[in-house]
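Observations on the model geometry
One-letter residues, chain by chain:
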Amino acid sequence: MATNLNLQSNKEDEDSRSQAAVFIYNTGNASPPLNFLPSPNNPPTPPFSSASSLLTFPPHHHCGDLKLEAAMVDVTKWPLFSLLSSEERAAVRQACVYGTSANEVIYTTHGNEVYAFGLNCSGCLGTGDSVSTIVPKKLDFLQGKKIASISYGSGPHVLLATEDGLLFAWGHNGYSQLGNGTTNPGLSAVAITTNLQNKNVTEVACGSHHSLALTHDGDVFAWGYNNSGQVGSGSTANQPYPRKVCGCLQGKTAVGITCGQTSSMALVDNGEVYGWGYNGNGQLGIGNNSNQLSPCRIATLQGLCIQQIVSGYGHCLALTDEGLLYAWGANTYGQLGTGNKNNQLSPVQIMADKERVVEIAACHSTHTSATKTQSGKVYMWGQCRGQLISLPHLTHFTSTDDVFACFATPSVMWRLVCMEHDDFMTVSEALRKEFDSPETADLKFSVDGKCIHVHKAVLKIRCEHFRSMFRSQWTEDQQEVIEISQFSYPVYRSFLQFLYTDSVDLPPEDAIGLLDLATSYCENHLKRLCQQIIKRGITVENAFTLLSAAIRYDAEDLEEFCFKFCVNHLTQVTQTEAFWQVDGAMLKEFISRASRSGAFKN
């Protein structure tokens, strides 16, 4: 879907962008309440996530994809990934969520297969059509290739550079932003080679409807929409093919590129920053708001060695090699972090009172900013889930990617993220793996003649019953094998496994025995889980058995649920074997209670 922007306006206007229909609702972790801001003093409790859902960003040099440490990203915070099975998520190696409403995703697997799914506005999935899909489709043209860089525009159009230096493009092409010399929609990916033959493309960047590519030799190429000079050609004529950006960049070696909606920036190897294109909000940082048709150096940064630059919709952030942070441009949403909403025509330092900054994050489709400091603290500001935050706000997040997943509008990925090393496991995954493992266990439970291998430390940490048991005055503390006769093997094994995994997988009938155990051990959370299993598995045949168990274990909510089910299916329930096997007192009580509820009225 093409977006119509008032590109010459001196005012940010996010609402002027056409929004695609919402493809999938933000739910769960991806949608914090609008009046809630995470902080170390007010953190939500996230669920354990499997290692298959954890991603980290790849190594890179100066812009966008700077590698600092193994900060993990839980991709399930982006709602689209909830459509994948755990097995499919385990196969993901790289991923990027993009689009006007963050409703498209492209990802690669460990087998170097590339898939895409989502709303597919303007054919931006590259699947050969414009049909939306919730089932991942393989992109055969990228078979066996590894993604080095990916970026997306507002149409959206997509640019992708492979690790072997090839450039592909697809999606919206109303302004020749695909660089193939036409304005025809790009439903399928095409290799862009004009003026790039024998050039090894290492990085790509997209504005709203224009494109940049950085080569291994440090040259910058630009093409597409050029009404404000964002292609850097010295004119405002649209550029249908990649064209080398010269002017002040001539003879310079660029090491990073980034785009605002209609502006372009380049970082060169000596730490200088150059900008060109639309400048109505001061996003070029040159001290005025005049558009620039060719690159112009940001003089205010003279004497500073810039290490990383990123662009938002109409603002920019720059990070020096000393960890100092500078911001300039549009500030309608507080995205500069200066404490007000005044635009800045030249770079100003922010977060001067904070510790060294090691990473900055922004995206041309949002008004959100984020940083990470040396100790791993993550700050965010700007437009955050509809709220205006004009000063950097300390969050509970461990990655800047989490800020964009949970608080940016749209909740896109601001960079390509890559899977953590294959041998990495989260704490929850490690515990899950070691349950009933003879190699590492230091204790065995014997139930019905079968052994279950566990770890004393885990049991003491997770359960008050075992904390009390493994004290010197208890005989069990000295035993290597503890006999259990009160509960069956499936029930006790499920209980111990729950302590390692926080989950229960039992049929309703066995869940009754686990409910008994949970009651005996005062495990209230486990008791609630058992009740949920029983409720979801109730049938006419087992309803009265489950009702009897609920009464026996004093589970009032479950008892009420089972009783109503029995009354609603009274004729069938009274014909089951379980109904006539209960003791007379309970049967009388049920009949009396059912009568009082009107079950026997004509």
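Bear in mind the structure is a predicted one, so any value in this text is a computation, not a measurement.

1. What to know about the overall build of the protein chain
Summing up its helical and strand segments, the protein chain has 13 helices and 30 strands in all. Residues classed as buried in the protein chain amount to 56% of the 602 residues present. For the protein chain, the exposed surface amounts to about 24,600 Å²; the carbon and sulfur share of it is 48%.

2. Examining the pattern of salt bridges
Per the stated rule, a full pass over the model turns up 20 salt bridges. As a salt-bridge pair, Lys145 and Asp164 come within 3.5 Å of each other at their nearest N and O atoms. With Lys145 in the loop between strand E6 (133-138) and strand E7 (147-152) and Asp164 in the loop between strand E8 (157-162) and strand E9 (167-171), this pair connects stretches of sequence that are 19 residues apart. Of the residues examined, Lys145 reaches a relative accessible area of 23% and is grouped as partly exposed.

3. A few points about the packing of aromatic side chains
A full pass over the atoms with the stated rule returns 24 aromatic pairs. Between Tyr107 and Tyr115, the ring centres sit 5.6 Å apart and the planes meet at 20°, which makes this aromatic pair stacked. Tyr115 matches Tyr107 in its accessibility class, with the two residues each being buried. Between Phe445 and Tyr492, the aromatic rings sit 5.4 Å apart at their centres with planes inclined by 55°, giving tilted as the arrangement. Residue Phe445 is located in strand E28 (residues 443-447), and its partner Tyr492 is located in helix H6 (residues 489-501); the two are separated by 47 residues in the primary sequence. Tyr492 shares its class with Phe445; the two are buried. Within the aromatic cluster, the residues linked to one another by ring pairs are Phe445, Phe466, Phe470, Phe487, Tyr492, Phe495 and Tyr521. If you follow Lys450 out to its NZ or CZ, it ends over the ring of Tyr489, 4.8 Å from the centre. One Lys or Arg, Arg462, reaches over the ring of Phe498 and ends 5.9 Å from the middle of that ring.

4. So, the pairing of strand E25 (residues 378-384)
Across the seven residues that make up E25, a large majority, seven, are buried. The sheet contact formed by strand E24 (residues 368-373) and E25 spans five bridges and is antiparallel. Note on E25: the bridge partner recorded for Lys372 is Val378. Hairpin connection of E24 to E25: four residues between the antiparallel strands, including Gly376 at a positive phi of 95°. Here five bridges tie E25 to strand E26 (residues 387-394), and the two strands are oriented antiparallel to one another. Within the sheet, the bridge partner assigned to Met380 lies in E26 and is His393.

5. Some thoughts on the confidence of the model for the protein chain
Scored by pLDDT, the protein chain comes out at a mean of 86, with 87% of its residues at no less than 70. Contacts from residues 1-71, a stretch scored under 50 in pLDDT, to residues over four places away or in other chains number 235 contacts.

6. So, the environment of Ser149
Structurally, Ser149 is set in strand E7. Taking the C-alpha atoms as reference points, Ser149 and Glu163, separated by 14 residues in sequence, lie 8.2 Å from one another. Not counting residues up to four positions away in its chain, the partners in contact with Ser149 are Leu159, Leu160, Ala161, Thr202, Glu203 and Val204. Within the local environment of Ser149, its side chain forms a polar contact with the backbone nitrogen of Val204, the two atoms lying 3.1 Å apart.

7. Describing the pairing of E7
Extensive coverage of E7 is indicated by the burial of five of its six residues. Alignment of E7 against E8, held across five bridges, turns out to be antiparallel. Residue Ser151 lies in a different strand from E8, and its bridge partner there is Leu159. Between the antiparallel neighbours E7 and E8 lie four residues.

8. So, the nonpolar core
The biggest cluster of nonpolar side chains holds 64 residues, and the ones touching the most others in it are Phe81, Tyr98 and Ile106. Contact partners of Tyr98, with chain neighbours within four places excluded, come to Asn103, Glu104, Val105, Ile106, Cys124, Leu125, Tyr152, Val158, Trp170 and Val412. The next biggest cluster of nonpolar side chains, apart from the first, holds 60 residues, and it includes Ile452, Leu514, Ala555 and Leu558.

9. Some details on the sheet that holds strand E11 (residues 201-206)
Taking strand neighbours across the sheet as the criterion, the four strands line up as E11-E12-E13-E14 in an open arrangement whose pairing is antiparallel. Every other strand in the sheet has two partners, leaving E11 and strand E14 (239-244) as the edge strands with one partner each. The mean inter-strand angle of the sheet, taken between neighbouring strand axes irrespective of direction, is 15°. With five bridges joining them, strand E12 (residues 210-215) and strand E13 (residues 220-224) adopt antiparallel strand pairing. Its bridge partner lying in E13, Ala213 is registered against Phe221.

Parameters at a glance
- Residues numbered from 1 in each chain as written.
- Predicted model: local features only at pLDDT ≥ 70, side-chain atom pairs only at ≥ 80, totals over all residues.
- Heavy atoms only, no water.
- Helix = DSSP H or I, 4+ residues; strand = E, 2+ residues; numbered from the N terminus.
- Buried < 20%, exposed > 50% of the residue type's maximum accessible area, 1.4 Å probe, protein only.
- Areas by Shrake-Rupley, 256 points an atom, 1.4 Å probe, with all protein chains shown as cover.
- Salt bridge = Lys/Arg side-chain N within 4 Å of Asp/Glu carboxyl O.
- Phe/Tyr/Trp six-rings, centres within 6.5 Å; stacked < 30°, edge-to-face > 60°.
- Lys NZ or Arg CZ within 6 Å of the ring centre and 35° of its normal.
- Pairing = 2+ DSSP bridges.
- pLDDT = per-residue confidence, 0-100.
- Contact = heavy atoms within 4.5 Å.
- Polar contact = N/O pair within 3.5 Å; in protein donor to acceptor, adjacent residues only side chain to side chain.
- Core = buried A, V, L, I, M, F, W, Y, C linked by side-chain atoms within 4.5 Å.
- Axes fitted to C-alpha atoms, helices over the stretch in contact; angles between N-to-C directions.

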